[in-house]
Amino acid sequence: MMPRKTKGILCIILAAFCFAGMNLCIRLAGEIPTLEKTFFRNLVAMILAFFILRKDKISYRPDREDVLLLTIRCVLGTLGIWCNFYAIDHLPIADASMLNKLSPFFVIILSAIFLKEHLTAFQVSCVALAFIGTLFVVRPSFDNVALVPALLGVFGGFGAGAAYTCVHRLGEKSCPGSLIVFLFSAFSCVAAIPGSILHFVMPTGWQLLMLVLTGVCAAGGQFSITSAYTFAAGRDISVYDYTQILFAALLGYVFLHELPDAWSFVGYAIIITAALMMFIKQQWERIREHEMARTDRNV
């Protein structure tokens, strides 16, 4: 039987590919308002989750003790998606994806604050290094026309990090992944309806196809990422989420002829290095703990 951690790794790589495809479809959908795009993004996932809940005979009503975490996941996850979609529309998709991939670092910070997980000096250093890398991608200045979408992209990463922190805690409490996806997708759809109606743009046939594909990719990514964080803790698998940058850069180059500039690549390298440092340190500590436990058993 496949170990839970291996399942988590495979799920998070699949999610990375799906979300990179979603980002591409968002751009290819063209001049459609952000809220309208987010509506379609979540509609497909909501429908799929609904049928999965019916098939598995799972109640649509969550346990009372899960309501607060589910509410936080829905609200911050939705705000994160809105910010991420705006960033995707105004930045190279590799840059937007990279800023969204700050979420594992926010997971570490928020887990320490709200879940009382221990935060070491090494982890603090890695988080600081990641944000230094972010400055190379964002390059804040008064004449930087991409500053606002870049900052919103960072907030999108925060929203995703907060959402995944809640997902991991809900997974520990055995809240069904399909229920988490359904409630989040339904909330996001409802929240997007007023803005979508006020600024509705009738999509062409091509745009409608891209919006539907956005939803399909998002649904695949949503189910995969939810499964990943219920199979394993974020500290064990989050580094594999950075494969989305590779997928996004490749898709952006092939379909949009986008090539991030040198400063962006420097930022990517710094952020990914910080993630790798954390991952390697965690694995080394686990190996050491395992060896110590085995030594104690042999004594």
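Scroll up to find the structure this text is about.
Residues numbered from 1 in each chain as written. Predicted model: local features only at pLDDT ≥ 70, side-chain atom pairs only at ≥ 80, totals over all residues. Heavy atoms only, no water.

Participant: Explain the layout of surface pockets residue by residue, including any values.
Facilitator: Estimates place the volume of the second largest pocket at around 200 Å³. Together, Leu68, Leu69, Ile72, Leu76, Leu110, Phe114, Leu115, Phe158, Ala162, Thr165, Cys166 and Arg169 line the second largest pocket. For the lining of the second largest pocket, the secondary-structure elements that each account for two or more residues are helix H3 (67–90), helix H5 (103–114) and helix H7 (147–172). Here the element with the most residues in the lining of the second largest pocket is H7; it accounts for five residues. Of the residues contributing to the lining of the second largest pocket, the split by class is ten nonpolar, one polar and one charged. (1 Å grid on protein atoms, 1.4 Å probe; cavity = no way out; pocket = protein on both sides within 12 Å on 5 of 7 lines; lining within 4 Å. Points joined across faces, edges and corners; volume = space filled by probe spheres on them. Helix = DSSP H or I, 4+ residues; strand = E, 2+ residues; numbered from the N terminus. Nonpolar A, V, L, I, M, F, W, Y, C, P; charged D, E, K, R; others polar.)

Participant: Pulling in residues and values, what's your account of the packing of H7 against helix H9 (residues 205–231)?
Facilitator: Any two packed helices are characterised by how steeply their axes cross, that is the angle between the axes, and by the distance between the axes. Across the interface, H7 lies against H9 with an axial gap of 8 Å and an inter-helix angle of 55°. Considered as vectors, H7 and H9 are oriented oblique to each other. Remark: the crossing between H7 and H9 carries right-handed chirality. In this structure, H7 contributes Tyr164, Val167, His168 and Gly171 to the contact, and H9 contributes Ile225, Thr226, Tyr229 and Thr230. (Axes fitted to C-alpha atoms, helices over the stretch in contact; angles between N-to-C directions. Parallel < 35°, antiparallel > 145°, perpendicular 65-115°, else oblique. Left-handed = near helix turned anticlockwise from the far one by under 90°. Contact = heavy atoms within 4.5 Å.)

Participant: Describe the packing of aromatic side chains, and please don't skip the residues or the numbers.
Facilitator: All told, the structure shown has eleven aromatic pairs when counted by the stated rule. Measuring from ring centre to ring centre gives 5.5 Å for phenylalanine 50 and phenylalanine 51, while their planes differ by 80°; the resulting arrangement is edge-to-face. Given a relative accessible area of 54%, phenylalanine 51 falls into the exposed group. When the ring of phenylalanine 136 is compared with that of tryptophan 263, the centres are 5.8 Å apart and the planes differ by 25°; the resulting orientation is stacked. Taken together, the positions of phenylalanine 136 in helix H6 (residues 121–138) and tryptophan 263 in helix H12 (residues 262–298) put the pair 127 residues apart, joining distant regions of the chain. Judged by relative accessible area, which is 25%, phenylalanine 136 ranks as partly exposed. Through pairs of rings, three or more aromatic residues link up here, namely Phe50, Phe51, Tyr60 and Phe182. (Phe/Tyr/Trp six-rings, centres within 6.5 Å; stacked < 30°, edge-to-face > 60°. Buried < 20%, exposed > 50% of the residue type's maximum accessible area, 1.4 Å probe, protein only.)

Just distances and angles here, no functional claims.
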